[in-house]
Amino acid sequence: MSIIRPDDPGAARSQPPISYPAYQSNVLRSPRRPLIRIPANMKDLAAPVYGELRIGGTDSDLTRQHAGEPLGERIIVSGRVLDEDGRPLANTLVEIWQANAAGRYFHANDDHPAPLDPNFTGAGRAVTDADGRYRFLTIKPGAYPWRNHPNAWRPAHIHFSLFGHSLESRLITQMYFPNDPLFAHDPILQSIPDADAQQRLVSAFDLSLTEAEWALGYRWDIVLRGRHSTPFEERA
Ligand SMILES: [Fe+2]
């Protein structure tokens, strides 16, 4: 996986600024001093750092990680990880995290008065195949309030993290669902300067991914760089 090239103005417009005041907590989080380069020897790891456990089993099926089934609308989210020339990137670690169907995260800091689901953690991971493809079975997340401004609600979204072949290659972004009425009111999505780039974060309903009697399918491809790059929150 490669970084986005800063010399490509088209690519630059597809990315949000590091600091965006309308997204209030981002102002405190964003760096104000020059970035510190990661030591060169950390770039040169020969393989992704996946932790001690192998990926498999229920890692990519978030509906089977507990004794019972989670509540909500079952969905399939699948797509390909591609470079700027449309070439697939195999063996990329794709991690996701999300709120449950009621818009509540399984996290100590989430005090939104919506129910937790004892059968849903909201975290998954997969590795892309030779065609660059990933696939998750999960529950459609709910919108949630976030106190950024009066009556602030996040559009339903799934957080994505991608790892290539070194620690320095991590990319983080969010995937949205089609036609969400909250798009225009979301400073995080609106922080992306280019309207077409905003739309590249929106998945597409796909009947061919949909499984009869089971789950709706949403397709979302991730392009790592270039003029048609997916917008990312953090760039290595
Ligand atoms: Fe979120």
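Provided above is the structure to which this section pertains.
Now for a description of the structure that goes with this document. (Residues numbered from 1 in each chain as written. Predicted model: local features only at pLDDT ≥ 70, side-chain atom pairs only at ≥ 80, totals over all residues. Heavy atoms only, no water.)

**Overview of the overall build of the chain**
Scanning the chain for helices and strands turns up five helices and 11 strands. Residue burial in the chain is summarised as follows: out of 236 residues, 46% are buried. Within the chain, contacts between residues separated by at least 24 positions form 70% of all contacts whose residues are at least 6 apart in sequence. If you sum the accessible surface of the chain, you get close to 12700 Å²; carbon and sulfur atoms cover 55% of it. (Helix = DSSP H or I, 4+ residues; strand = E, 2+ residues; numbered from the N terminus. Buried < 20%, exposed > 50% of the residue type's maximum accessible area, 1.4 Å probe, protein only. Contact = heavy atoms within 4.5 Å. Areas by Shrake-Rupley, 256 points an atom, 1.4 Å probe, with all protein chains shown as cover.)

**Some details on the coordination of the iron ion**
Think of it this way: four donors in a tetrahedron around the metal ideally sit 109.5 degrees apart, and six in an octahedron ideally sit 90 or 180 degrees apart. In the first shell of the iron ion, the protein supplies Tyr105 (OH), Tyr144 (OH), His157 (NE2) and His159 (NE2), at 1.9 to 2.2 Å from the metal. Considering all four donor atoms around the iron ion, angles at the metal cover 91 to 159° and the coordination shape is irregular. Mapped onto the sequence, the donors of the iron ion take the spacing Y-x38-Y-x12-H-x1-H. With a gap of 15 residues between them, tyrosine 144 in strand E5 (residues 144-145) and histidine 159 in strand E7 (residues 157-163) connect regions that are remote in the sequence. Grouping residues by exposure puts tyrosine 144 and histidine 159 together as buried. (Donors = N, O, S within 2.8 Å, 3.2 Å for Na, K, Ca; no water. Tetrahedral: all angles 85-135°; square planar, octahedral: opposite > 155°, others 65-115°.)

**Points about the pattern of salt bridges**
Under the definition given, this model contains 12 salt bridges. Measuring nitrogen to oxygen at the nearest pair gives 3.1 Å for the salt bridge that ties arginine 133 to aspartate 131. Overall, aspartate 131 belongs to the partly exposed group, its relative accessible area being 33%. Measuring nitrogen to oxygen at the nearest pair gives 2.5 Å for the salt bridge that ties arginine 219 to aspartate 206. Of this pair, arginine 219 sits in strand E10 (residues 216-219) while aspartate 206 sits in the loop between strand E9 (204-205) and E10; the two residues are 13 residues apart in sequence, bridging distant segments of the chain. Looking at aspartate 206, the relative accessible area reads 14%, which means it is buried. Overlapping salt bridges, with partners in common, bring together Arg80, Asp131 and Arg133 in one network. (Salt bridge = Lys/Arg side-chain N within 4 Å of Asp/Glu carboxyl O.)

**Points about the pairing of strand E1 (residues 74-82)**
Regular strands place their side chains on alternate faces of the sheet. Of all nine residues that make up E1, seven are buried, and the element is covered over most of its length. Relative to strand E4 (residues 133-139), E1 is paired through seven bridges, and the arrangement is antiparallel. By the bridge assignment, arginine 80 is partnered in E4 with arginine 133. One ladder, built from four bridges, connects E1 with E10; its direction is parallel. Counted as the bridge partner of valine 77 is tyrosine 218 from E10. Sheet analysis places E1 next to strand E11 (residues 222-223), joined by two bridges and oriented parallel. Counterpart to leucine 82 in the pairing with E11 is valine 223. (Pairing = 2+ DSSP bridges.)

**As for the side chain of aspartate 83**
Locating aspartate 83 in the fold gives a position in the loop between E1 and strand E2 (93-97). In terms of polar contacts, aspartate 83 uses its side chain to reach the side chain of arginine 87, at 2.7 Å. The residues touching aspartate 83, leaving out its near neighbours within four places in the chain, are Leu89 and Val223. (Polar contact = N/O pair within 3.5 Å; in protein donor to acceptor, adjacent residues only side chain to side chain.)

**Some points on the nonpolar core**
By size, the foremost hydrophobic cluster in this structure holds 38 residues, and its most contacted members are Val81, Tyr134, Phe136, Phe160, Ile222 and Leu224. Those residues in contact with tyrosine 134 that sit more than four places away from it in its chain are Val77, Ser78, Gly79, Arg80, Val81, Val94, Thr128, Phe160, Trp220 and Ile222. (Core = buried A, V, L, I, M, F, W, Y, C linked by side-chain atoms within 4.5 Å.)

**Notes on the packing of aromatic side chains**
In total, this model carries nine aromatic pairs according to the counting rule given. Relative to tryptophan 146, the ring of tyrosine 23 lies with its centre 5.5 Å away and its plane at 65°, an arrangement referred to as edge-to-face. Highlighted residues: tyrosine 23 in the loop between helix H1 (9-13) and helix H2 (24-29) and tryptophan 146 in the loop between E5 and strand E6 (153-154), separated in sequence by 123 residues. With respect to class, tyrosine 23 is no different from tryptophan 146; both count as buried. Look at tyrosine 134 and phenylalanine 160: their rings are 5.7 Å apart centre to centre, the planes differ by 70°, and that puts the pair in the edge-to-face class. (Phe/Tyr/Trp six-rings, centres within 6.5 Å; stacked < 30°, edge-to-face > 60°.)

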